[in-house]
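Examining the three-dimensional arrangement
The primary structure of each chain is shown beneath.
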Amino acid sequence: AYLRAAAPMLNSDWADPLRGELAWLGRMLGPVRDLDVLLGYLNAECAAFRLPERRALQPVIDELQREKTEARDRLVQALEDERYLALLNRLEGASQSPVITEDTVSLLGIAHAEYRKLRRAVRKGGFEVSDKALHRIRIKGKRARYAIELGKPSLGKPASRVVRQIRILQDLLGEHQDAVVCEQRIRKLLRRSRGKLTAASLGRLIERQCERRRRARAGLPAVW
């Protein structure tokens, strides 16, 4: 994220391959993180269900757990690979001596530009937009936050206040996106489910994702 935020002043031949390797690592981490979040949420929700419902949902939980184990095994293999160790070395070197090619671009200017993109995205449709559009606002918020953090030496205390507020916005948008992903996953499980009680229990979980999204959306205008 920092490499992307500072892209206008960095040598692209130097930064892009590094970003590519970080994207590879992100693809390895992503499935494990997503399943961690999903399983943690489902286990917490199912704990409040009646015993017959918990039993009906256990095969679904077990299936997701197996999938997480397989994804984690792939991640561990990647973290033991020379490619990952080489990436760590490259990151250490990059942090010590980034290759700057455009010294007329300021971190302050980059921060302002990214914040304006976030502000335009919100002004364009507010928060009463599609789930995908809301996710795009979340991404712009993340980019603005990192750009402002890079520009902190020039921006001073106001930057810290804005970063704190953007984090609150990100938390709400993240809760909304987690509910979207969770619902999509549960619907896939529902299509493959066997037994009326399992289907009914999954249906209850889908309803709860709708309520999570509604609460998150309701809180966004005040935070903004």
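So, a few notes on the structure that sits alongside this text. (Residues numbered from 1 in each chain as written. Predicted model: local features only at pLDDT ≥ 70, side-chain atom pairs only at ≥ 80, totals over all residues. Heavy atoms only, no water.)

1. Observations regarding the environment of Glu45
Its place among the elements puts Glu45 in helix H2 (residues 12-46). The exposure class assigned to Glu45 is buried, which follows from its relative accessible area of 19%. Sequence separation between Glu45 and Arg208 is 163 residues; the distance between their C-alpha atoms is 9.3 Å. When neighbours within four sequence positions are excluded, Glu45 is seen to be in contact with Leu205 and Arg208. (Helix = DSSP H or I, 4+ residues; strand = E, 2+ residues; numbered from the N terminus. Buried < 20%, exposed > 50% of the residue type's maximum accessible area, 1.4 Å probe, protein only. Contact = heavy atoms within 4.5 Å.)

2. Describing the pattern of salt bridges
If you walk through the whole model with that rule in mind, you get 20 salt bridges. Close ionic contact of Arg213 with Glu183 constitutes a salt bridge, the shortest N to O distance being 2.3 Å. Placement of the pair is Arg213 in helix H9 (residues 196-223) and Glu183 in helix H8 (residues 157-192), with a sequence separation of 30 residues. Taken individually, Arg213 and Glu183 each receive the classification buried, so the pair is uniform in this respect. Glu211 is the partner of Arg215 in a salt bridge, and the nearest nitrogen-oxygen pair spans 3.7 Å. Of this pair, Arg215 and Glu211 both sit in helix H9, four residues apart, roughly one helical turn. Take Arg215: its relative accessible area is 46%, and that puts it in the partly exposed class. Take Glu211: its relative accessible area is 30%, and that puts it in the partly exposed class. By sharing partners, the salt bridges in this structure join Asp131, Glu183, Arg187, Arg213 and Arg217 into a single network. (Salt bridge = Lys/Arg side-chain N within 4 Å of Asp/Glu carboxyl O.)

3. Re a nonpolar patch on the surface
On the surface, a nonpolar cluster with roughly 210 Å² of combined accessible area is contributed by Leu85, Leu88 and Leu91. Here Leu91 falls in the partly exposed class, since its relative accessible area comes to 31%. (Patch = residues over 30% accessible without salt bridge, like charges linked within 9 Å, V, L, I, M, F, W, Y side chains within 5 Å. Areas by Shrake-Rupley, 256 points an atom, 1.4 Å probe, with all protein chains shown as cover.)

Without other data, these values stay purely geometric and don't point to any function.
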